[in-house]
Amino acid sequence: MNPTIDSVTERIIERSRDGRARYLATITAALAAPPARDRMGCANLAHAWAAQPADERMRIRTERPPNIGIVSAYNDMLSAHQPFERYPDLIRAAATKAGVTVQVAGGVPAMCDGVTQGQPGMELSLFSRDVIALAAGVALSHNCFDAALYLGVCDKIVPGLIMAAATFGHIPA
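Predicted model, so just to flag it, every value in this text is computed and none were measured.

A. Spatial organisation of the nonpolar core. Judged by nonpolar contacts, the single largest core of 23 residues is most densely connected at Val71, Val108, Ala136, Leu140, Tyr150, Ile157 and Leu161. Elements supplying a minimum of two residues to this core: helix 2 (42-49), helix 6 (128-140), strand 3 (147-151) and helix 7 (157-167). If you look at the next biggest cluster of nonpolar residues, it comprises six residues, including Phe84, Ala95, Val102 and Leu151.

Structural data, given as structure tokens:
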């Protein structure tokens, strides 16, 4: 390997060693704990499942199927994001056939610098990755999900969703 690349790689490994160890310890602890919803009280679970159809609520309570949380960048304004409107229903139908439940956990903002080009506020796109990661984290903080499915497209949203997926690294995504 090129000696400069090798040297830089070694410095990155060394510099990130402690942070990576803390992250892996956090993920290991989260994996060792039973699903959070197993530790929730009835009132918490009632809120978590209230929007589900009645037959689905009963199935969730008695059969305890895996539950997938969707985090979506859907909006009607941007053509690349608008198709996500239909995805939760399509995903839910396929998941139901597989015996899995699905809930839209939350949405993230979807900003397009193509629309904001030359407009006041365009610089906000630079911060949007962090806002997206935070919004996805808020959506998943309910601790009701066995897996997460992230719906997003573009050079701001996908990195923000990846940041959130890494934060919740114990949840398959």
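What follows continues from the structure just given.
B. Quick look at the pairing of strand 1 (residues 67-72). By the criterion of burial, strand 1 is predominantly enclosed, with five of the six residues buried. When strand 1 meets strand 2 (residues 101-107), the two strands line up parallel, connected through six bridges. The residue bridging Ile70 from the neighbouring strand is Val104, located in strand 2. Once the chain exits strand 1 it traverses helix 4 (residues 87-97) before rejoining the sheet at strand 2, and the crossover so formed is right-handed. Examined bridge by bridge, strand 1 and strand 3 share five bridges and lie parallel to one another.

C. How the structure looks around helix 1 (residues 3-32). For helix 1, built from 30 residues, the straight-helix expectation of 44 Å at 1.5 Å per residue is met to within 8% by its first-to-last C-alpha distance of 40 Å. Of all the bends in helix 1, the largest measures some 55° and sits at Arg17. Capping of helix 1 at its N-terminal end is provided by Asn2; its side-chain oxygen lies 2.7 Å from the backbone amide nitrogen of Thr4.

D. Representation of the packing of aromatic side chains within the structure. Evaluated as defined, the whole model comprises one aromatic pair. Ring centres of Phe84 and Tyr87 lie 5.3 Å apart, and the angle between their planes is 75°; on these two criteria the pair is classed as edge-to-face.

E. Region of the structure containing the confidence of the model for the protein. In the predicted model, the protein carries a mean pLDDT of 86, and 99% of its residues have values of at least 70. Considering each helix and strand of the protein separately, the mean pLDDT is smallest for helix 2, with a value of 75, and largest for strand 3, with 94.

Definitions and limits used
Position numbers for residues start from 1 in each chain and track the written sequence from start to end. Per-residue local features are limited, in this predicted model, to residues with pLDDT of at least 70; the limit for side-chain atom pairs, both in listing and counting, is 80 or more; totals at the level of whole chains, interfaces and linings are taken over all residues. With hydrogens and water excluded, all non-hydrogen atoms of the structure serve as input to the side-chain values. Only buried residues count toward a nonpolar core, which is a set of Ala, Val, Leu, Ile, Met, Phe, Trp, Tyr and Cys residues joined through side-chain atoms within 4.5 Å. Accessibility here uses a 1.4 Å probe with only protein chains present; expressed as a share of the type maximum, an area under 20% marks a residue as buried, one over 50% as exposed, and anything in between as partly exposed. Comment: elements are numbered from the N terminus, with helices defined as DSSP H or I runs of at least four residues and strands as E runs of at least two. What makes two strands pair is DSSP finding at least two bridges between them. Orient the strands so they point away from the viewer, and a crossover whose first-strand-to-second-strand path over the helix runs clockwise is right-handed. Under the convention used throughout, the expected extent of a helix is 1.5 Å for every residue step, that is, one less than its residue count. We define the bend at each residue as the angle formed by axes fitted to the 7 residues ending at it and the 7 residues starting at it. Polar contacts, as used here, are pairs of N or O atoms within 3.5 Å; protein pairs need one atom able to donate a hydrogen and one able to accept it. Residues neighboring in sequence count only if both atoms are side-chain atoms. Any Phe, Tyr or Trp ring, taking Trp's six-membered ring, that has another such ring centre within 6.5 Å forms a pair; planes under 30 degrees apart are called stacked, those over 60 apart edge-to-face, and the others tilted. Known as pLDDT, the predictor's per-residue confidence is scaled from 0 to 100.

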